Amino acid sequence: MWARWAALALVTCVCAAPADPPHALQQCDTLNLRRPPPLPPNIREYEAAVVQIARALSELVDQGVADEARASALARAAARTPLHPPPAAVALGAPQLHLGILYISEPARLVVFQQNNSVTLQPFWRTLASAWNASVVMWSNAWYSCEGEPGWWGGTAAARGAGSTRAAAALFRSLPTLPCEDAMNEWLGGTPLCDTMTTACEALPGSSDHKLEYQCKCRSNHWHQEGGGWLSRLKLMEIGKLSCTPCGFGSNATACLPDTYRAALLAANLTGMLICLIIGLIIFKKRKCKAVAMGMWTVLEVVLLGAMFMYGSAAAQYIPGAQWRCVTGAWLRELGFVACYGSVVLRLWVLLAEFRTRKAHRWTPRDAEVLRIVAAMMIGASCYLAAFTATSACEDDIGGGCANPAWHHVTAGAEILLLIAGLRIAHAARNANVPFQERGWLASALWVEGASGLAWRLAAISGAAPERSPLVSAARAHLSSGAALACVLAPRLWHGYRARSLAQEVSRRGPAEGFAAETEEEPTPEELRAELKRLYVQLEILRNKTLRTDNPHISKRRGGRKPPHRRFSLQKKGSREKALQARRGGRNKASGIEVSEAGDASRTPEDSVCSVEGPSHFTDGDTQA
């Protein structure tokens, strides 16, 4: 039936044309193009709005209250939909009720299909009819029309409902310019004086002698002596056909300055990735060093992997296709953030767990446990990014960026929540005695990333669209990754440098430098006593450590039980040794006392050589020479 209604519109448009107001009878024809216009940045919002309007009209038809008055009110309300850019026209249709409404915003005009029509209105009705037999939202090709302000138009349409309750709706946009194509050549006065390979051409409404005008400029990575801006038709008629030269050796430095900046930014991002790779190899080689082993070298490798991914997200801004650029950048950014700052938060959690454990059976999360948690976090992030990719949130639009900003707001909120959790853990462990001041450095990295993320979101909310700027993306990647690398690795590198410096200083000292230089005074007895006390303490600790090394009678676990494979024979309550001692009647108490030192109950834990902690105190009398 809709096809018959569309055919009826084509037949009645000629008869209805004289009934149009005078401003519709301009010397202006309709020019239909072969390609659709560039889609808006908020394509998903447009599609959701047109589907909602079609569903609302279908409900009115289902209730039996759909008429021209209610359809006109619905069209006016749809024209005020908070979209950017706002709809320039709205069309509603229900063929089974012979109902067709077109509302044009500027200037405000209501067109009823059965009453007034014209040839220039046919593209609007054709767009509305395109979605009747489709289950998805349809986008029309562009056309030139004199309805309202003369210019280019494009629209999207959707139909909802089934059978006798089916209804359709369409939203239209007015576009100031469109890319040139062959169908415009007659209205442009001939083929544009622009090289199709090296220049970009745009068509815009013209004057009385030329229905359309055009302007051209050099494409990216190209330059011309006239500059990189738009050149009008009149200017091109003076200088001839515009053909630009690729940027490279011997090119104009001023004209190719933006491309030089882009090349420098790409080189900086790739350099950051290379630095992360080199540091990762160094950490793997030095994984048994004290400064690296104490910080869980596997976790440090994951931090470096995340930093390399974040550098890669900035480098992804130079992928030619907008859709691939958006998807690749989002995957690398989020996976890198989870790997890098998720490992930082888990490292703070490990420090807090060690600090809060005050018993002999101290529980310390192992590297494998931390890596399993990081892997779970990355799997969750991958599921979220898979949903992001499956919903086609990135479109090849005019700006070349991601179309739906809601995904980025949700992602930024999740990042900030993770950073807040890490700062909460760092605050809880503020009194912990951590080597290399690691807690403070890790907290500083979280603060820097939090400030960077908030500034990024505020810029996006204000409309700056930082996701589309390679410069801003590179700055964010270097700030996020650089803060993580500096705050995580700098204390350990400084500790290694200090250790080498002290070792070299000691190796340069001669044998005569026992306590002081030869030219200085002799040490006092107090200094000698203090030095001897320190030496005896070190000797005692070394002796205890030597006795504990590979001793099968001492548990490997600090303060823990004996291994489960050890077996002990339990003696009865009245053993033979105790009975023999009782029969002796207390004789030879001295020999009874002289049992092995291992079974002497009078020895304190501080005096025991098998104590894990070793001697806890030394008196001055013990250290006398």
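What this report covers is the structure whose coordinates are included nearby. As the structure is a prediction and not an experimental result, all values here were calculated from the model.

Focus on the state of the cysteines
Considering all chains together, one arrives at three disulfides under this definition. Disulfide pairing is shown between C218 and C244; the S-S distance is 1.9 Å. What sets the handedness of the C218 and C244 disulfide is the S-S torsion sign, and at about -80° it is left-handed. Here C218 is found in strand 11 (residues 212-218), whereas its partner C244 is found in the loop between helix 6 (233-239) and strand 14 (245-246), with 26 residues between them in sequence. Comparing C218 with C244, the two get one shared label, buried. Unpaired in this structure, C340 has its nearest cysteine sulfur neighbour in C276, at a distance of 8.6 Å. Classification of C340 as buried rests on a relative accessible area of 0%.

A closer look at the side chain of S58
Take S58: it is sitting in helix 2 (residues 43-63). In this structure S58 touches R160, G161, T165 and A167, once residues within four positions along its chain are discounted.

Thoughts on the packing of helix 9 (residues 297-315) against helix 11 (residues 367-390)
Interaxial distance between helix 9 and helix 11 falls to 9 Å at its minimum, and their mutual angle equals 25°. Taken together, the axes of helix 9 and helix 11 lie roughly parallel to each other. Touching T298, V299 and V302 of helix 9 are D367, V370, L371 and V374, all from helix 11. Along the lines of polarity and charge, the residues of the contact of helix 9 with helix 11 split into five nonpolar, one polar and one charged.

Brief notes about the nonpolar core
In terms of nonpolar packing, the biggest core is built from 38 residues, with Y341, L348, L446 and L489 touching the most fellow members. Contributing elements (two or more residues each) for this core: helix 7 (257-285), helix 9, helix 10 (322-356), helix 12 (405-428), helix 13 (438-461) and helix 14 (470-508). With eight residues, the top contributor of residues to this core is helix 10. Here L446 is in contact with Y341, V344, V345, L348, L419, G422 and L423, once residues within four sequence places are set aside.

Thresholds, definitions, all that
- Residues numbered from 1 in each chain as written.
- Predicted model: local features only at pLDDT ≥ 70, side-chain atom pairs only at ≥ 80, totals over all residues.
- Heavy atoms only, no water.
- Disulfide = S-S within 2.5 Å.
- Helix = DSSP H or I, 4+ residues; strand = E, 2+ residues; numbered from the N terminus.
- Buried < 20%, exposed > 50% of the residue type's maximum accessible area, 1.4 Å probe, protein only.
- Contact = heavy atoms within 4.5 Å.
- Axes fitted to C-alpha atoms, helices over the stretch in contact; angles between N-to-C directions.
- Parallel < 35°, antiparallel > 145°, perpendicular 65-115°, else oblique.
- Nonpolar A, V, L, I, M, F, W, Y, C, P; charged D, E, K, R; others polar.
- Core = buried A, V, L, I, M, F, W, Y, C linked by side-chain atoms within 4.5 Å.

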